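What the coordinates show
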Amino acid sequence: QFQMRGVRYEMIMLLSLKACMHVNAAAELVNSLPAPEEEEEEGAEAPAPGAGAESGHFDDTMREATEHYRRAAGVYRFLDETQLPHIGTLEADRPPDVLTGYIQACVSLSLGLGQLCAVLSAANKGMAKGLVARLAADAAEKFGNAQFVLRELKSDIKDIYKQIPK
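Residues numbered from 1 in each chain as written. Predicted model: local features only at pLDDT ≥ 70, side-chain atom pairs only at ≥ 80, totals over all residues. Heavy atoms only, no water.

**Quick word on the overall build of the chain**
This is how it is decided: Numbering of helices and strands runs from the N terminus, with a helix taken as a DSSP run of H or I at least four residues long and a strand as a DSSP run of E at least two residues long. Each residue gets one of three labels from its accessible area relative to the maximum for its type: buried under 20%, exposed over 50%, partly exposed in between, using a 1.4 Å probe on protein chains only. Whether two residues touch is decided by their heavy atoms; if any such pair falls within 4.5 Å, the residues are in contact. Note on areas: these come from Shrake-Rupley sampling with a 1.4 Å probe, and a residue is covered only by the protein chains present in the view.
When you go through the chain residue by residue, the secondary structure sums to four helices and zero strands. Going from N to C terminus, the chain has its helices and strands arranged as α-α-α-α. In the chain, which comprises 166 residues, the proportion classed as buried is 31%. For the chain, contacts bridging at least 24 residues in sequence account for 83% of all contacts bridging at least 6. As presented, the chain carries roughly 10700 Å² of accessible surface, and 56% of it is formed by carbon and sulfur atoms.

And the structure:
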């Protein structure tokens, strides 16, 4: 149904895959961290934020995950700014994964997830609550931007899927 063919389209798909690989690598890193203890033993004092041998591992993991999210956002931004404008087809004739809005939402999501890693790391280090709150607000703004774009695309994507033969 979609008329997109050629080397540029294949390059866009490969770069999209590369960005997805960075997002997946970051998610695997974050998921590899041990879950926080749900309840402290009664009478036991909670350790200070950033205390303990595992704090360094946590911060290193968050830093590495943030870097993967940043790289994913960079790849998506590269696609949006340098590749999508040269496709030469109308947005309505493109598959959903190469719609400009979808790629822009992926940039915002990747940056938001990276910022969320920074929030968790800052909170773990015991940084000032005001700083942690500003970092969290920035992450929420990025997620909000992605949500707005995806809501705008919702009807366009539904129309695209209606065109696909069953």
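**Some thoughts on a nonpolar patch on the surface**
Which entries qualify depends on this criterion: Only residues above 30% relative accessible area that lack a salt bridge enter a patch, with like-charged residues linked at up to 9 Å and the nonpolar side chains Val, Leu, Ile, Met, Phe, Trp and Tyr linked at up to 5 Å. Between Lys or Arg on one side and Asp or Glu on the other, a salt bridge is scored when a side-chain nitrogen of the former is within 4 Å of a carboxyl oxygen of the latter.
Together, L14, L17 and M21 give the surface a local cluster of nonpolar side chains, amounting to about 330 Å² of exposed area. Note on placement: M21 falls in helix α1 (residues 7-32). A relative accessible area of 52% places M21 in the exposed class.

**Description of α1**
For the record, the criterion: Between the first and last residue of a helix there are one fewer steps than residues, each counted as 1.5 Å, and that sum is the expected span.
Here α1 is 26 residues long and its end C-alpha atoms lie 37 Å apart, about the 38 Å a rise of 1.5 Å per residue gives. All of the buried residues in α1 are Y9, I12, L15, S16, A19, H22, A26 and L29.

**Looking at the nonpolar core**
Here is the rule we go by: Among buried residues, the Ala, Val, Leu, Ile, Met, Phe, Trp, Tyr and Cys ones that are joined through side-chain atoms within 4.5 Å form a nonpolar core.
Core analysis: the biggest nonpolar cluster contains 15 residues, and I12, A19, Y76, L79, L84, V98 and I103 have the highest contact counts within it. Those elements that place two or more of their residues in this core are α1, α2 (54-83) and α3 (100-125). For this core, the leading source of residues is α2, giving five residues. Setting aside anything within four residues of it in sequence, one finds L79 in contact with I12, L15, S16, L84, P85 and I103. Listed in part, the seven residues of the second largest apolar core include A26, M62, A65 and Y69.

**Description of the side chain of D80**
The condition that has to hold: We count Lys and Arg on the positive side and Asp and Glu on the negative side, and we leave His and both chain ends out. Whenever a nitrogen or oxygen atom comes within 3.5 Å of another N or O atom, the pair is scored as a polar contact, on the condition that within protein one atom can donate a hydrogen and the other can accept it, and that pairs from neighbouring residues in sequence are kept only if both atoms are in side chains.
Relative to the helices and strands, D80 is located in helix α2. Although D80 is buried, it forms no salt bridge, and the closest oppositely charged side chain is R77 at an N-O distance of 6.7 Å. A polar atom in the side chain of D80 sits 3.4 Å from the side chain of Q104. Discounting residues that sit within four places of it in the chain, D80 has contacts with P85, T100, I103 and Q104.

**Here we look at the state of the cysteines**
Two cysteines, two sulfur atoms, one covalent bond between them: this is a disulfide. Note the cut-off: Two cysteine sulfurs form a disulfide in these notes if their separation is within 2.5 Å.
By the definition in use, this model includes zero disulfides. C20 supplies the cysteine sulfur nearest to C106, a cysteine that is in no disulfide, at a spacing of 6.8 Å. The buried category is assigned to C106, whose relative accessible area is 9%.

**Here's the deal with the side chain of T61**
By secondary structure assignment, the location of T61 is in helix α2. On the accessibility criterion, T61 (5% relative accessible area) is buried. With near-sequence residues (within four places) excluded, T61 lies in contact with L29, V30 and L33.

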